[in-house]
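Observations on chain architecture
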Amino acid sequence: GRPSTARPDAPVLWLGSAIFDGGRHRTVWATVVLRETRKVLVAAEPIPARQPFAPGATRVEESAVFPYPPATELTPGDIAGRVLRRPVAAGRVITRDLLVDLPAIQRGEQASVTVRDGPIRIQLDAQADSSGARGDAIVLVNPASGKKFRGTIVERRQVLVQLSGRST
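What comes next concerns the included structure. (Residues numbered from 1 in each chain as written. Predicted model: local features only at pLDDT ≥ 70, side-chain atom pairs only at ≥ 80, totals over all residues. Heavy atoms only, no water.)

1. Some remarks on the pairing of strand β11 (residues 148-155)
Examined bridge by bridge, strand β10 (residues 137-141) and β11 share 5 bridges and lie antiparallel to one another. For V139, the partnering residue across the bridge sits in β11 and is R150. The hairpin formed by β10 and β11 contains 6 residues between the paired strands, and G146 there has a positive phi angle of roughly 80 degrees. (Pairing = 2+ DSSP bridges. Helix = DSSP H or I, 4+ residues; strand = E, 2+ residues; numbered from the N terminus.)

2. A few points about the pattern of salt bridges
If you walk through the whole model with that rule in mind, you get 10 salt bridges. For R107, the salt bridge identified is with D129, shortest N-O distance 3.5 Å. Highlighted residues: R107 in the loop between β7 (99-101) and β8 (110-118) and D129 in the loop between β9 (120-128) and β10, separated in sequence by 22 residues. (Salt bridge = Lys/Arg side-chain N within 4 Å of Asp/Glu carboxyl O.)

3. Comments concerning the sheet that holds strand β4 (residues 58-65)
For sheets, the rule is that strands pair by backbone hydrogen bonds, running either parallel or antiparallel. Read across the sheet, 3 strands follow the order β4-β3-β6 without closing on themselves; strand pairing throughout is antiparallel. Of all strands in the sheet, those bounded by a partner on one side alone are β4 and β6 (93-94). Pairing analysis gives 2 bridges linking strand β3 (residues 36-43) to β6, with the strands arranged antiparallel. Looking at β6, one finds that V42 is bridged to V93.

If you want it as structure tokens, here you go:
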């Protein structure tokens, strides 16, 4: 077990077994509070969810944290191009599980679309009718006809529409 991110100071229940007398064992449990001093990334101010990090919104400080599983330390560079899944209060530790990539395309943004059918490629610009991250299927609107179509995000503001299963 490990404490929740909402209550990092909470004790956790550990289950195990004690081995004695030539291999006999007995199940045991313990409520433990474990701490290890590490450098952690902390919210310097309240940070909203799904918004780019403002300059100075985070700071690195040493803190006593739960040591398992061993975590890699986050640096301010690790949050570039990412946002929080949920809001974080000032003073809270920011962990990797709280971070998600910024959407590669936001609803209403222009996207460069490549339509591919075997060796044929057509380029056009379209407006995103939904948001998504790399690999997501989104809905786009052709500005010339107003018709909607689906494509897959391949990069920031770049979408691929594959018309047939073959590609070259």
